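# Commentary on secondary and tertiary structure
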Amino acid sequence: MHTGTLRQILVITDGESNQGKSPIAAAAEASEFGYTVNVIGISKKDGHLSKEAISEIEAIASAGNGMSQTVFTKQLSQTVQMVTKQAMTQTLYGLVNRQLKKILGSDQAVEELSPEKRIEVVETVENFSETASLELVILVDCSGSMYDKLPAVKEALVDLSISLEARMGENSYTVYVFPGKRREIECLVDWTPDLTSIESVFPKLTSGGMTPTGPAIEVAIQALKEKKYAYRGLLTDEGSYYGEME
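Cut-offs and rules
Residues numbered from 1 in each chain as written. Predicted model: local features only at pLDDT ≥ 70, side-chain atom pairs only at ≥ 80, totals over all residues. Heavy atoms only, no water. Helix = DSSP H or I, 4+ residues; strand = E, 2+ residues; numbered from the N terminus. Buried < 20%, exposed > 50% of the residue type's maximum accessible area, 1.4 Å probe, protein only. Contact = heavy atoms within 4.5 Å. Axes fitted to C-alpha atoms, helices over the stretch in contact; angles between N-to-C directions. Parallel < 35°, antiparallel > 145°, perpendicular 65-115°, else oblique. Left-handed = near helix turned anticlockwise from the far one by under 90°.

## Focus on the overall build of the protein
When helices and strands are tallied, the protein shows seven helices and six strands. From first element to last, N terminus to C terminus, the protein shows the α and β order β-α-β-α-β-α-α-β-α-β-β-α-α. Per-residue burial for the protein yields a buried fraction of 48% across its 246 residues. A separation of at least 24 residues holds for 78% of the contacts in the protein among residues at least 6 apart in sequence.

## Considerations on the packing of helix α1 (residues 23–32) against helix α2 (residues 51–63)
It is at 7 Å that the axes of α1 and α2 come closest, and there the two elements cross at 20°. Accordingly, the angle class assigned to the pair α1 and α2 is roughly parallel. Handedness of the crossing formed by α1 with α2: right-handed. Together, P23, I24, A27, A28 and S31 of α1 and E56, A59, I60 and A63 of α2 make up the contact between the two elements.

Structure representation (structure tokens):
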């Protein structure tokens, strides 16, 4: 049975957006397409992110039906893995709740089911989280203040790829940086099932310039749409029954 595809956008940043479209509006647009937007804010070594930065990070994740965390660089690898996995589970529970409402014609949620039924739902979600395909667009803030944090980002993304290898479902990642060397947002790593390739390209990155988080999320939306429809063009079966998980 085809269990569908989970599509996520992960933003890794340490500052406030200051160029282009509002990242909150862009995240809301992503959510309309069924894409989850998660945001990880990296704190400075000698302090925390500003209240404005934290507020924006939380608002982006909320608009994108995703999760947000702020961490120090030493916690980044563990946090990237945790947020990615928890967001998958959160999305699946949301789908289960919507299916329940369709079937029962009421506002009944998973929490209101009998203990036996809840156990069945948990087992189903756990199974789907292991078997569903994952398409993840990773957006890395390369503004000036991120210079000393990029090595930690590189290690975190490699660790994420390794940690998800045990899943039965297919994993596919693409990495964009903003701003890039030549343009506002640049693709650093094209779609791949293995992020270890970033080991060779990350050391060549430079940081500086503005922080176009909103435009970066728009690029991520387009990347997911293009991959989705390219895949559909090759489908020969009926595909998935999970709406935007198709």
